[in-house]
Each structure stands twice: as C-alpha cells, then as structure tokens.
Amino acid sequence: MKENKLTYSGAIAELEQILKQLENTDEVNMDAISSRIKRASELIEFCKKQLHTLDGELEKMIVKLEI
C-alpha cells in the first residue's frame, strides 16, 4: 500500500479545511468536533517540528557561510 507523506503545505491545507468545517457547521456532534480538534492538534505539532527542523538547517547553513 502506498503511504502518503505529509508535507508542511499539506498540513496547512488540512488545517484550513478543518477550520472551515468547524466554522461552517451548525451541528453539535461532540465526537466529530473532538476528532477534528485532535487531528488539528497533530497537524500543528507536525508543523512546529518541521519549522524547528528547518530553523536548525538554516542555522547550520549560515554558520558555514560565515566561516
């Protein structure tokens, strides 16, 4: 089975979709809301890790350029 690799852009797009779903719903289905919020939390954590990794890589590049 082919595994889809999550990207930063994909995570942001999914977060925006979740936000739209939460904003545009009149239902009060706590299970659905809880599920969406849990997924959003996972996506935010993924994005934070990606940004932290990128920050570290950029820092290393800057150090190399300064030598």
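Scroll up to find the structure this text is about.
Since the structure is predicted, the reported quantities are computational estimates derived from the model, not experimental observations.

## Re the overall build of the chain
Summing up its helical and strand segments, the chain has two helices and zero strands in all. Taken over the C-alpha trace, the chain has a radius of gyration of 17 Å; the compact-globule value for 67 residues is 11 Å, which it surpasses by more than 25%. Referenced to the eigenvectors of the C-alpha coordinate spread, the extents of the chain come out at roughly 60 × 30 × 15 Å. Looking at the chain as a whole, 9% of its 67 residues qualify as buried. Carbon and sulfur atoms make up 56% of the accessible area of the chain, which totals about 6,000 Å². In the chain, the 10 positive side-chain charges and the 13 negative ones have mean positions that sit 6 Å from each other.

## Structural notes on the nonpolar core
If you look at the biggest cluster of nonpolar residues, it comprises six residues: Ala11, Leu15, Ile18, Ala40, Leu43 and Cys47. Every element with two or more residues in this core is listed here: α1 (8-23) and α2 (30-66).

## Structural notes on the packing of α1 against α2
As a packed pair, α1 and α2 sit with axes 9 Å apart at the nearest point and diverge in direction by 150°. In terms of orientation, α1 and α2 fall into the roughly antiparallel class. By crossing handedness, the relation of α1 to α2 is classed as left-handed. Taking contact as the criterion, the partners of Tyr8, Ala11, Ile12, Glu14, Leu15, Ile18, Gln21 and Leu22 in α1 are, on α2, Ile33, Arg36, Ile37, Arg39, Ala40, Leu43, Ile44, Phe46, Cys47, Gln50 and Leu51.

## Structural notes on the environment of Leu15
Here Leu15 lies in helix α1. Among the residues examined, Leu15 registers a relative accessible area of 18% and is labelled buried. Distance in space between the C-alpha atoms of Leu15 and Ser41 is 9.1 Å, their sequence separation being 26 residues. Contacts of Leu15, omitting those with residues within four sequence positions, involve Ala40, Leu43 and Ile44.

## Examining α1
Here α1 contains 16 residues, and its C-alpha end-to-end distance of 23 Å stays within 8% of the 22 Å for a straight helix at 1.5 Å per residue. Among the residues of α1, those classed as buried are Ala11, Leu15 and Ile18. Taken end-on, α1 shows its buried residues confined to a sector of 60°, consistent with a single buried face. Turned more than 90 degrees from where α1 packs its buried face, Ser9, Lys20 and Glu23 sit exposed. Looking at the buried positions of α1, the neighbouring elements they touch are α2.

Cut-off values and rules
Residues numbered from 1 in each chain as written. Predicted model: local features only at pLDDT ≥ 70, side-chain atom pairs only at ≥ 80, totals over all residues. Heavy atoms only, no water. Helix = DSSP H or I, 4+ residues; strand = E, 2+ residues; numbered from the N terminus. Rg over C-alpha atoms; globule rule 2.2 N^0.38 Å. Buried < 20%, exposed > 50% of the residue type's maximum accessible area, 1.4 Å probe, protein only. Areas by Shrake-Rupley, 256 points an atom, 1.4 Å probe, with all protein chains shown as cover. Lys, Arg positive; Asp, Glu negative; His and termini not counted. Charge placed at Lys NZ, Arg CZ, Asp CG, Glu CD. Core = buried A, V, L, I, M, F, W, Y, C linked by side-chain atoms within 4.5 Å. Axes fitted to C-alpha atoms, helices over the stretch in contact; angles between N-to-C directions. Parallel < 35°, antiparallel > 145°, perpendicular 65-115°, else oblique. Left-handed = near helix turned anticlockwise from the far one by under 90°. Contact = heavy atoms within 4.5 Å. Expected span 1.5 Å × (residues − 1). Arc of directions from axis to C-beta.

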